[in-house]
Amino acid sequence: VSAGLGFAWLPEHSIHKQLKNQQLKKLDLRSGSQYITPLYLISGNRENPGPGTQLLAQILRDTVNH
């Protein structure tokens, strides 16, 4: 993408510096301007997850719903 050979949906936080320095720019697309990736959380012990699993699950939920 940085070489100018195409375009891609990239996480904005990953390319913040390149956007700021104008090495990359956002395209003004009529449709498809956002790409949504599903996120699945699978626990080995669904009935009784441990405290670490519960904390990780809550952090992921809070981050995704932010």
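Residues numbered from 1 in each chain as written. Predicted model: local features only at pLDDT ≥ 70, side-chain atom pairs only at ≥ 80, totals over all residues. Heavy atoms only, no water.

A. Representation of the overall build of the protein chain within the structure. Regarding its fold elements, the protein chain presents two helices and zero strands. Computed over the C-alpha atoms, the radius of gyration of the protein chain is 18 Å, more than 25% above the 11 Å expected from 2.2 N^0.38 for a compact globule of 66 residues. A principal-axis box enclosing the C-alpha atoms of the protein chain has dimensions of 50 × 25 × 20 Å. Summed over its atoms, the accessible surface of the protein chain is roughly 6700 Å², and 53% of this surface lies on carbon and sulfur atoms. Here the protein chain carries 7 positive and 4 negative side-chain charges, and the mean point of each set is 10 Å from the other. (Helix = DSSP H or I, 4+ residues; strand = E, 2+ residues; numbered from the N terminus. Rg over C-alpha atoms; globule rule 2.2 N^0.38 Å. Areas by Shrake-Rupley, 256 points an atom, 1.4 Å probe, with all protein chains shown as cover. Lys, Arg positive; Asp, Glu negative; His and termini not counted. Charge placed at Lys NZ, Arg CZ, Asp CG, Glu CD.)

B. Quick peek at unusual backbone geometry. With a phi close to 60°, Gln22 is a non-glycine residue in the positive phi region. In this fold, Gln22 is placed in the loop between α1 (16-20) and α2 (51-64). Since its relative accessible area comes to 71%, Gln22 is described here as exposed. (Buried < 20%, exposed > 50% of the residue type's maximum accessible area, 1.4 Å probe, protein only.)

C. A look at a nonpolar patch on the surface. There is a patch of nonpolar side chains on the surface, built from Phe7, Trp9, Leu27, Leu29 and Tyr35 and spanning about 570 Å² of accessible area. In this fold, Leu27 is placed in the loop between α1 and α2. A relative accessible area of 47% places Leu27 in the partly exposed class. (Patch = residues over 30% accessible without salt bridge, like charges linked within 9 Å, V, L, I, M, F, W, Y side chains within 5 Å. Salt bridge = Lys/Arg side-chain N within 4 Å of Asp/Glu carboxyl O.)

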